[in-house]
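# Remarks on the overall topology
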Amino acid sequence: MAITPVGSTSAAQWGIHPQLLLRSSITGKIASSSHNVTSRVSFMAAPSSSFFSRDSTLLNVGSPQTFNRRKGSRLIVRADADYYSVLGVSRNASKSEIKSAYRKLARSYHPDVNKEPGAEQKFKEISNAYEVLSDDEKRSIYDRFGEAGLKGSGMGMGDFSNPFDLFESLFEGMNRGAGSRGSWNGAIDGEDEYYSLVLNFKEAVFGIEKEIEISRLESCGTCNGSGAKPGTTPSRCSTCGGQGRVVSSTRTPLGIFQQSMTCSSCNGTGEISTPCNTCSGDGRVRKSKRISLKVPAGVDSGSRLRVRNEGNAGRKGGSPGDLFVVIEVISDPVLKRDDTNILYTCKVSYIDAILGTTIKVPTVDGIVDLKIPAGTQPNTTLVMAKKGVPFLNKNNMRGDQLVRVQVEIPKRLSNDERKLIEELADLSKGKTATSRR
């Protein structure tokens, strides 16, 4: 075995040339009200292809500037992987054993759960292995010729599909049979619902418990959520063969273009039935419900509260969605909020600024006395500790109230006031002259 360096990547050679793959991540989902479409484009050249030279160790694709602008494109040099070892199963493992191993490993290494370095790469390797071993045709080719056989045959491999799509499709369809590619019971999770809740300034600062009325889709009582008219028997959809999805493949000079979408004939259920008169075949009807919601202290406009399982009901046994409550706070005419601090501006006369005084200041806790020190300068900011907004989910910690002092200078003076100011000015000049001596 030899190690061949290609840039910063090394590939193990097992008597054959390493595969050179140019992958462009053009996997995307196109969702509409009636169809869920997933498209995948696989770019691949076999060792015999004239697109790459067998003796070449450096691939030049356009200029570096052009290559860098192709977002998501990368050059991968890989050695054959042992997919059975990746999943930790034997070579004669059944489909159910392979699926069970994938579920366990995928949950452990999913990037949303596992934040360790290398977890995402491991998750992708697990998904690649499962996509090949869960498909009878791909597994047969892999067992006979290895990974190179799959590449040479031009079949779509795990490395070309989105591992997160694979994860979602499997875990969204938990109720599918062990042979998921051959059967589908139509279980679809419910959509999330959103509710806008308006709070006044103090309710947002200190939190509040409110009862709200929401509108959501609930399981139809007439058909028990099946969507079929009572007394009728559903039949297998002839368009998708009961899978709930239809896949079309087109071979292009650069590879295989695959498009998967929800079957339009059965709307993804895999069955054709006479629709229920109450829910029109959806299996759900819209109803209102009152729920008690506890709003924590410290929320602000744009904050979202999540109430699990209070969204729309799932179809065909799917899990219900969640309710997201979006907070909107009415601003206070006097007190302004800056994160966890509260801002307030007060005005004092120049006499009070010189001599000092005590004033009444409004806070979220009520009216509080604030001492203005003698000699306070204009635009001085005084801090009222722990009179601000509680930290979200940390009620024992609060911000401050910051009071900005504006000193008012009179535009007009009476004769007596002018006389006193002039005497004060003379005294000030006298002190200045004495200090210079």
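Before reading further, recall that the structure is shown in the block above.
Below is a summary of the structure that appears in this document. (Residues numbered from 1 in each chain as written. Predicted model: local features only at pLDDT ≥ 70, side-chain atom pairs only at ≥ 80, totals over all residues. Heavy atoms only, no water.)

The next thing to look at is the overall build of the protein chain. Along the protein chain, the regular secondary structure elements total nine helices and 23 strands. A burial count over the protein chain gives 36% of its 437 residues as buried. The long-range fraction of contacts in the protein chain, counting pairs at least 24 apart against all pairs at least 6 apart in sequence, stands at 65%. By element, 50% of the accessible surface of the protein chain is carried by carbon and sulfur atoms, the whole surface being about 25700 Å². (Helix = DSSP H or I, 4+ residues; strand = E, 2+ residues; numbered from the N terminus. Buried < 20%, exposed > 50% of the residue type's maximum accessible area, 1.4 Å probe, protein only. Contact = heavy atoms within 4.5 Å. Areas by Shrake-Rupley, 256 points an atom, 1.4 Å probe, with all protein chains shown as cover.)

So, about the packing of aromatic side chains. Within this structure, the stated rule accounts for four aromatic pairs. Both rings, one in Tyr-84 and one in Tyr-142, keep their centres 6.1 Å apart while their planes meet at 40°; by these two values the pair is tilted. Here Tyr-142 lies in helix H5 (residues 136-153) and Tyr-84 lies in helix H2 (residues 83-87), a separation of 58 residues in the sequence. We note that Tyr-84, like Tyr-142, is buried. For the ring pair Tyr-102 and Tyr-130, a centre distance of 4.4 Å and an interplane angle of 15° mean the geometry is stacked. You can see Tyr-102 sitting in helix H3 (residues 95-109) and its partner Tyr-130 sitting in helix H4 (residues 119-133), a full 28 residues away along the chain. There is no split in this pair, since Tyr-102 and Tyr-130 are both buried. For the cation-ring pair, Lys-122 lies above Tyr-109, with the distance from its terminal atom to the ring centre recorded as 5.9 Å. (Phe/Tyr/Trp six-rings, centres within 6.5 Å; stacked < 30°, edge-to-face > 60°. Lys NZ or Arg CZ within 6 Å of the ring centre and 35° of its normal.)

Now for the sheet that holds strand S17 (residues 341-349). Ordered in space as S16-S17-S23-S20, the four strands form an open sheet in which the pairing is mixed. Looking along the sheet, the strands with just one partner apiece sit at the ends: strand S16 (336-338) and strand S20 (380-384). Pairs of neighbouring strands in the sheet enclose a mean axial angle of 35°, with direction left out of account. Strand direction decides the pairing type here: S16 and S17, joined by three bridges, are antiparallel. Following the sheet pairing, Asp-338 is matched in S17 by Asn-341. (Pairing = 2+ DSSP bridges. Axes fitted to C-alpha atoms, helices over the stretch in contact; angles between N-to-C directions.)

With that settled, the discussion passes to the environment of Arg-290. Examined against the element boundaries, Arg-290 turns out to sit in strand S13 (residues 284-295). Note on Arg-290: relative accessible area 47%, which makes it partly exposed. When the C-alpha positions of Arg-290 and Ile-212 are compared, they lie 5.5 Å apart, and in sequence the two are 78 residues distant. One polar contact links Arg-290 to Glu-211, side chain to side chain, over a distance of 2.9 Å. Polar contacts involving the side chain of Arg-290 include one to the side chain of Glu-213, which spans 3.1 Å. (Polar contact = N/O pair within 3.5 Å; in protein donor to acceptor, adjacent residues only side chain to side chain.)

Taken N-terminus to C-terminus, the directions of H3 and H4 make an angle of 165°; their axes are 9 Å apart at the nearest point. One way to sum up the angle between H3 and H4 is to call them roughly antiparallel. Of the two elements, H3 crosses H4, and the hand of that crossing is left-handed. Contacts between H3 and H4 involve Ile-98, Lys-99, Tyr-102, Leu-105, Ala-106 and Tyr-109 from the first element and Ala-119, Lys-122, Phe-123, Ile-126, Ser-127, Tyr-130 and Leu-133 from the second. Counted by class, the contact of H3 with H4 contains ten nonpolar, one polar and two charged residues. (Parallel < 35°, antiparallel > 145°, perpendicular 65-115°, else oblique. Left-handed = near helix turned anticlockwise from the far one by under 90°. Nonpolar A, V, L, I, M, F, W, Y, C, P; charged D, E, K, R; others polar.)

What follows is about a nonpolar patch on the surface. Together, Leu-413, Ile-421, Leu-424 and Leu-427 line one region of the surface with nonpolar side chains, adding up to about 340 Å² of accessible area. Structurally, the position occupied by Ile-421 is in helix H9 (residues 415-436). On the basis of relative accessibility, which here comes to 32%, the residue Ile-421 falls in the partly exposed class. (Patch = residues over 30% accessible without salt bridge, like charges linked within 9 Å, V, L, I, M, F, W, Y side chains within 5 Å. Salt bridge = Lys/Arg side-chain N within 4 Å of Asp/Glu carboxyl O.)

Further remarks concern the side chain of Arg-216. Tracing the sequence through the fold places Arg-216 in strand S8 (residues 208-219). Here the side chain of Arg-216 touches Glu-218 through a polar contact of 3.1 Å, side chain to side chain. At 2.7 Å, the side chain of Arg-216 and the side chain of Glu-310 are in polar contact. For Arg-216, the contacting residues outside a window of four places in its chain are Glu-193, Val-285, Arg-286, Lys-287, Lys-289, Asn-309, Glu-310, Gly-311 and Asn-312.

Once that is clear, we can look at the pattern of salt bridges. If the charged atoms of two oppositely charged side chains come close together, the side chains can form a pair. This structure, assessed with the given rule, holds 20 salt bridges. Residue Asp-282 is joined to Arg-315 by a salt bridge in which the shortest nitrogen-to-oxygen separation is 3.3 Å. Of this pair, Asp-282 sits in the loop between strand S12 (271-272) and S13 while Arg-315 sits in the loop between strand S14 (304-307) and strand S15 (323-329), placing them 33 residues apart in sequence. Its relative accessible area of 24% is what places Asp-282 among the partly exposed residues.

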